[in-house]
Amino acid sequence: MSSSDSADNISKWEERVCINSGRKFFKLKVSGSITPAVGMLFKSFDEAFAFYQRYALAAGFSARKNTSWKNVGGLVKIRYIVCSKEGFHVSKEIDSGSVENSKKIVRRNRGSKRVGCNAHVKLILENNNMFKIYYFDEEHNHIFVEYEDIHFLPAARSIDYVKESFISGLSAINIGPVKAFNIMKTMYGGFGEVGASKVDCKNYRRDLNLYIGEYDAEMVVRRLIRKKECCPVFGDIFGFDATYKSNKYHLVFVPFTRIDNHFRNVTFGGALLGSETADSYRWLLRCFVNSLLMLLEDAAMKRAIKDVLPRSRHRLCMWHIWKKLKTKVGPALSANTDFNTRMTHVVWNDTIIPEDFETKWHSIMSTFGLENHEWLKDMYDLRFDWIPAYYHGEDLAGLMRTTSRCESENYFFGQICNPRCTLVEFFTHFETAMDIQRHEHRRNDHDTRYIECKPWSDFVLEKQASEIYTQTIFKDIQIEIDAAITKCMSKSVDTVGDVQYFEIKDFRQPCTSFFKVQYSKEEDGLSISCSCKRFEQFGILCRHIFYVLRYEDISEFPRRYVHRRWMRDVVSVGSNHSNIRFDEIGRNSEIDKVYREIVVANEYVVNRLVGDLDELCRYRDHIKSYIDKADEVMVAAPSPSRKERFADIGGNIEKSDSMIRVPIKVRTKGCGVQKRIKSNREIAIQKSSKIQKSCRVCGGKGHNSRTCKDKVSSNAIGSSNAM
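What counts and what doesn't
Residues numbered from 1 in each chain as written. Predicted model: local features only at pLDDT ≥ 70, side-chain atom pairs only at ≥ 80, totals over all residues. Heavy atoms only, no water. Helix = DSSP H or I, 4+ residues; strand = E, 2+ residues; numbered from the N terminus. Buried < 20%, exposed > 50% of the residue type's maximum accessible area, 1.4 Å probe, protein only. Contact = heavy atoms within 4.5 Å. Areas by Shrake-Rupley, 256 points an atom, 1.4 Å probe, with all protein chains shown as cover. Salt bridge = Lys/Arg side-chain N within 4 Å of Asp/Glu carboxyl O. Axes fitted to C-alpha atoms, helices over the stretch in contact; angles between N-to-C directions. Parallel < 35°, antiparallel > 145°, perpendicular 65-115°, else oblique. Left-handed = near helix turned anticlockwise from the far one by under 90°. Nonpolar A, V, L, I, M, F, W, Y, C, P; charged D, E, K, R; others polar. Phe/Tyr/Trp six-rings, centres within 6.5 Å; stacked < 30°, edge-to-face > 60°. Lys NZ or Arg CZ within 6 Å of the ring centre and 35° of its normal. Pairing = 2+ DSSP bridges. Patch = residues over 30% accessible without salt bridge, like charges linked within 9 Å, V, L, I, M, F, W, Y side chains within 5 Å. pLDDT = per-residue confidence, 0-100.

Student: Could you clarify how one ought to interpret the overall build of the protein chain in this entry?
Tutor: What the protein chain contains, in helices and strands, is 26 helices and 15 strands. A total of 723 residues make up the protein chain; the buried ones form 40% of that total. Of the contacts made within the protein chain by residues no fewer than 6 positions apart, 60% connect residues no fewer than 24 positions apart. Counting every atom, the protein chain has about 42200 Å² of accessible surface; 53% of that belongs to carbon and sulfur.

If you want it as C-alpha cells, here you go:
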C-alpha cells in the first residue's frame, strides 16, 4: 500500500485523559474498510496480520506478533497482535562492582521504544479453521507517527523483489548497496518514497553474502556445469595476462584475449589460479595447445609455455622494455634527441631485416659508448623475443609488440570488479563484462552493415573491399590503397618466366630503399607477396601489393588473400549475442521476463501520455485501483521469505562430504612486498608528490623547528652569553 493511500485514510485522532491517573490515551479514526472489528474472519493468521499491519500503517504505528496459545494437541488456538510499543524494555543487570565485567561488557546507550502500550487484537481459531477477532483494544498511550515520517517505521520498510532486482542489477556493474539506495532515492523522488533505508540495503547484501558463506565455490562450480556458452572463433592468436585484486580470496584472474573481426578485444575464456607457479600455468595452458601467445616477461609463464606449448613463441613486451631504457642508460642519454631517434628507428621498425637491425644496433652502441652496458647486452641477447625484425612475417594480428591488449583487458575488468566480492559476485561481474563486449561487437556489426564508407578513389578493388571486410579493417585497407596511389612508385619490373618482380619505392618509408613484390598468375588465381610482410603479420594486403594490382589492372579482389578473421560475415547475423547470464540460471526467469515487460510497457505508456495530464491521471488511477487486489493476492499466496529468495539466487546447497570448499587466501606477486628495495627514481617521484611543510624558524623544507640548525645555533649562542 502506498503512503499516499495511508494519508487519505487518516481523518483525525481522539484524545482521552484518564480522570484518576491523568494519563492520556489516543485513538485514531481510520477508514472503516481497514479498521479491525470484533467478529471479523480471516482464512489464516498471516491474512489477519497483514490486515492489521495495513491498519497500523494508516494510523501511524507498527504492529508485531505476540503471545500464542496451543491446545493439548499442539494446535495454535489463540494469537495476539500488539502495538510495537507494547511492554517495557528490561535491561540485563550488570555487576557494577566487578571490574572484570565492566571491562568485558560494553553496551550502547540506546533509548527504548517500549512504553507499555496496551493496544492489541486477539484472534481465536474457529472450528471452520478460520481466525476470528474476539477482542480489539484500539487505544494507545502514545502519540502517532506523522504522515511525513511513516517511512521510518520498520513495517513500512522492506527490501522487496523489485528492490532486490535493482540492487543485484547494480551490483553486477560494481555499484554497492549505498549508491544503489541513493539512485533509488533519485528515481522515486525522495528518501521517504523508497520504502527502505540505506541500512536495509546494506543488510540485504550482508545477508546474501552470509548465505553464500562456505558454499561460495560450490555454487560457482554447479552454475558453470549448467552453463553453456558459444564463442565465435577469430583465428588462433590470443594473449593472456594475470590480474590481481578481483575477489576476496586473492585468486589470480587470468583472462584470455583475442582480436575480433573489428580489431577489438574479445574475451573468450578466463581462469582463476590459486598460485602463480609454473605448474599452475602448465595446467592452464594445456587447454590451449598449438596456439601463439603474446605474454609478459614472467619466469613462471615462460617455463610453462616452453613445456606445454613447445611450438609457440613467447614474446616480451616492448613497451615495458622501452620504459626501462631511460632509467638504465641514465638521464643524459635519455634526454639525447639523436640517441632516442636512432633507437626508435631500429627498435620499433617492423620493415627491416635482422641483419640490418644488428648492424644499426652495434653502430648505436659504438657511437654512444654502450658496448659494455650490462642491461643492454642482456636485452640484445633476448632480441629474438622482442625485436620485430626477428618475428618478421609471423601472423600476430595486433598482439605483436606490446601487452597493451592484455593491459586494456585488465583495466576493463578492474572497472567492474572489487577485491571484496565473493566468487558468485565475481562471476556475475564477469558476465556483465561479457555482455558489454557482446553489445559492442553487435554495434560494430550494425555499423558495418548499415553505414557505408565513402570511397577515396575510383579503384575497383576499394569498392569490393568495402563489401568484404568490416568497417574498421576496411578503413585500414583504404589507407593502404590511397598510399599505393599517391605515395608509391615502381622503379623497375623484371620478368623471369611467369613471375614478375617489382621494386617499389615507398615515400612514407624513407629508412628503406625499395620493397620487392613478386607477382605471378596461376591456374587457381594470382600469387603475390611483398618483402614488407604486412600480409603475413596483420592479414591485410600492403600498399605495395595494391600498387602492383592496380598496375596489372586486376578487377577482382584476390580471395586467396582475404583472412576470414577480418570478414564481416565471420559471425552470422542470427547468432546468439545475449547468452544466458550466470546470475539468471537459478532464478525464475519467467518472473524476471514478465517484470521487465511490465516496466517497459509502463515506460511506453507514460512517454505517450506525458503531454496529456488528464489522461495520465486516469492511467495512474487505473494502476492504483489494482493495489487492493494485489494485497488480497499476497495474503492468499505470501511472498517467499528472504532465505527462499537467496536460495533462488544462489541455489539450494546442502552440506556433503564432497562439497567444494572455498579457496584459501593466497599472496600473489601483484600484492607487493613491504620491504622491497625502491629505486632512486621511485623515491624521488614519491617525494615530489608529497607537500612538504616549511620550518617555522627558517622557512626551509625538509626539517621542522625542533631539528632546525638555525634554532640550535641560536640556542648555543644564548647559552654562551648567559655564561
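Student: So what exactly am I meant to see when it comes to the pattern of salt bridges here?
Tutor: A side chain with one charge may pair with a side chain of the opposite charge, provided their charged atoms come close. Overall, the coordinates contain 20 salt bridges when judged by the stated rule. Among the salt bridges present, the one from R206 reaches D207, with a minimum N-O distance of 2.9 Å. Judged by relative accessible area, R206 falls into the partly exposed class, the value being 43%. Taking the shortest distance from any N to any O, the salt bridge between E440 and R443 comes out at 2.7 Å. Highlighted residues: E440 and R443, both in helix 16 (residues 423-450), separated by three residues, approximately one helical turn.

Student: So what exactly am I meant to see when it comes to the packing of helix 10 (residues 318-329) against helix 12 (residues 337-347) here?
Tutor: A pair of packed helices is captured by two measures, namely the crossing angle of their axes and the spacing between those axes. At a minimum axis distance of 13 Å, the contact between helix 10 and helix 12 shows a crossing angle of 155°. Classed by the angle they form, the pair helix 10 and helix 12 counts as roughly antiparallel. Pair helix 10 / helix 12 crosses with right-handed handedness. For the pair formed by helix 10 and helix 12, the contact residues are M318, W322, L325 and V329 on the first element and F339, N340, M343, T344 and V347 on the second. Grouping the amino acids of the contact of helix 10 with helix 12 by side-chain chemistry returns seven nonpolar, two polar and no charged.

Student: Sorry, what's going on with the packing of aromatic side chains here?
Tutor: For any two aromatic rings, the description comes down to two numbers: the centre-to-centre distance and the angle of the planes. Counted under the stated rule, the structure contains 24 aromatic pairs. Seen from their ring centres, Y55 and F136 are 6.1 Å apart, and the 75° between their planes marks the pair as edge-to-face. Pair noted here: Y55 is in helix 2 (residues 45-59) and F136 is in strand 7 (residues 131-137), with a separation of 81 residues, a long-range link. Y55 gets classed as buried once you look at its relative accessible area, which sits at 2%. Aromatic pair F263 and W566: ring centres 5.7 Å apart, planes at 55°, arrangement tilted. Here W566 lies in the loop between helix 20 (543-551) and helix 21 (589-609) and F263 lies in the loop between strand 9 (252-259) and strand 10 (265-273), a separation of 303 residues in the sequence. A connected cluster of aromatic rings, assembled from ring pairs, spans Y52, Y55, F61, F136 and F144. The lysine or arginine in question, K65, covers the ring of F49, its NZ or CZ lying 5.1 Å from the ring centre. Positioned above the aromatic ring of W566, the side-chain terminus of R565 is 5.3 Å from the ring centre.

Student: What should I look at first to understand the sheet that holds strand 12 (residues 488-496) in this one?
Tutor: The strands that make up a sheet pair up through hydrogen bonds in the backbone, lying either parallel or antiparallel. Strand order in the open sheet made by the four strands is 12-13-14-15, with antiparallel pairing throughout. A strand with exactly one partner marks an edge of an open sheet, and here the two such strands are strand 12 and strand 15 (525-530). The sheet shows a mean angle of 20° between the axes of neighbouring strands, taken without regard to direction. Across six bridges, the pairing between strand 13 (residues 499-506) and strand 14 (residues 515-522) is antiparallel. Within strand 14, the residue paired with I504 across the bridge is F515.

Student: When you look at the sheet that holds strand 7 in this model, what are you seeing that I'm missing?
Tutor: A sheet is described by the order of its strands in space; here five strands give the open sequence 3-7-6-5-4, paired in antiparallel fashion. Looking at which strands have only one partner, the edges of the open sheet turn out to be strand 3 (41-42) and strand 4 (63-70). Contacts from helix 2 reach strand 3, strand 4, strand 5 (76-83), strand 6 (120-125) and strand 7 within the one sheet, and its direction differs from that of strand 4 by about 150°.

Student: Where do I start with the packing of helix 17 (residues 460-468) against helix 18 (residues 471-486) in this structure?
Tutor: At a minimum axis separation of 9 Å, helix 17 and helix 18 run at an interaxial angle of 170°. Judged by the inter-axis angle, helix 17 sits roughly antiparallel to helix 18. For the pair helix 17 and helix 18, the sense of crossing is right-handed. Contacts from E462, A465 and S466 of helix 17 reach helix 18 at F474, I477, Q478 and I481. Per-class residue counts for the contact of helix 17 with helix 18 are four nonpolar, two polar and one charged.

Student: Looking at this structure, how should I read a nonpolar patch on the surface?
Tutor: A surface patch of nonpolar side chains, amounting to about 330 Å² of accessible area, comprises V162, I183, M187 and Y188. Examining the composition of the nonpolar patch, we find that three residues originate from one element, helix 5 (residues 177-188), more than from any other. Of note, I183 is situated in helix 5. Using a relative accessible area of 30% as the deciding quantity, one classes I183 as partly exposed.

Student: Explain the confidence of the model for the protein chain to me, please; I cannot follow it from the model alone.
Tutor: Low-confidence regions, as indicated by low pLDDT, have predicted coordinates that should not be scrutinised in detail. Per-residue confidence for the protein chain gives a mean pLDDT of 79, with 76% of residues at or over 70. A low-confidence stretch, residues 229-236 (pLDDT under 50), is modelled with 23 contacts involving residues beyond four sequence positions or located in other chains.

Student: Looking at this structure, how should I read the environment of T472?
Tutor: The topology assignment puts T472 in helix 18. On a C-alpha basis, the gap between T472 and R568 in space is 10.0 Å, while along the polypeptide they are 96 residues apart. Residues within four places of T472 in sequence aside, it is in contact with H262, F263 and R264.

Student: I'm lost on the side chain of R543 in this one. Help?
Tutor: On the secondary structure map, R543 appears in helix 20. Ignoring sequence-local partners within four residues, the contact set of R543 consists of E480, A483, A484, C488, D506 and R508.

Student: I would appreciate a short explanation of unusual backbone geometry in the present structure.
Tutor: Working note: non-glycine residues mostly have negative phi, and peptide bonds are mostly trans. In this structure, N129 takes a positive phi of about 60° despite not being glycine. Relative to the elements of secondary structure, N129 occurs in the loop between strand 6 and strand 7. Note on N129: relative accessible area 55%, which makes it exposed. With a phi angle near 60°, K533 is a residue other than glycine that sits in the positive phi range.

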